[in-house]
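Structural features, examined
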Amino acid sequence: MVYVENELIGRRLKRIRMDLGMDYPDMAELLEISDGHYRKIERGVYGLDVRKLMLLYTKLQVDPLYLLTGEQSRAMHYLPGSHTDRDTLICELLDYCKTKLAQKED
């Protein structure tokens, strides 16, 4: 089940990369990983950790909820203004997603 989720996240990430006119090395550099590792994220072999989600948010303003769920209805201004509040919100969101994924696996 986690592989399916990673694959969906990878597709969304690929769409973002292409919309921004970036290539694999550009995104890999942004995420501070190798080109090969990034390609595996897009294919769903690897997932995104919290640090990579934060890099995407801070450097490209990519909504973490969109990457994780595909929901596009939220406006970016929903995220709290301070970094501490924003980090807390993202951690809570990721914990919620992990819980839901674990429930689906059972």
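For the structure itself, consult the block above.
Residues numbered from 1 in each chain as written. Predicted model: local features only at pLDDT ≥ 70, side-chain atom pairs only at ≥ 80, totals over all residues. Heavy atoms only, no water.

Moving on, we come to the layout of surface pockets. Volume-wise, the largest pocket comes out at about 440 Å³. Taken together, 18 residues line the largest pocket, and the ones lying closest to its centre are Ile9, Leu68, Cys97, Lys98 and Leu101. Taken together, the elements giving at least two residues each to the lining of the largest pocket come down to α1 (2–19), α4 (50–60), α5 (64–69) and α6 (83–105). No other element matches α6, which puts seven residues into the lining of the largest pocket. For the lining of the largest pocket, a count of residues per class yields 10 nonpolar, three polar and five charged. Here the element with the most residues in the lining of the second largest pocket is α1; it accounts for three residues. When the residues that make up the lining of the second largest pocket are grouped by side-chain class, the tally is five nonpolar, two polar and three charged. (1 Å grid on protein atoms, 1.4 Å probe; cavity = no way out; pocket = protein on both sides within 12 Å on 5 of 7 lines; lining within 4 Å. Points joined across faces, edges and corners; volume = space filled by probe spheres on them. Helix = DSSP H or I, 4+ residues; strand = E, 2+ residues; numbered from the N terminus. Nonpolar A, V, L, I, M, F, W, Y, C, P; charged D, E, K, R; others polar.)

Another point: the environment of Leu56. For Leu56, the location among the structural elements is in helix α4. Judged by relative accessible area, which is 0%, Leu56 ranks as buried. In this view, Leu56 contacts Leu13, Met27, Leu30, Leu31, Leu48, Gln61, Val62 and Leu67; residues no more than four positions away in its chain are not counted. (Buried < 20%, exposed > 50% of the residue type's maximum accessible area, 1.4 Å probe, protein only. Contact = heavy atoms within 4.5 Å.)

Backbone geometry at Glu32 places phi at a positive 60 degrees, although glycine is not the residue there. Not every positive phi belongs to a glycine, and Gln61 is a case in point at roughly 60 degrees. Within the secondary structure, Gln61 sits in the loop between α4 and α5.

Turning our eyes to something else, we now look at helix α3 (residues 35–43). Of the residues making up α3, those classed as buried are Tyr38, Ile41 and Glu42. Looking straight down α3, one finds its buried side chains confined to an arc of 100 degrees; they lie on one side. Within two residues after α3, Gly44 carries a phi angle of roughly 90 degrees, on the positive side. (Arc of directions from axis to C-beta.)

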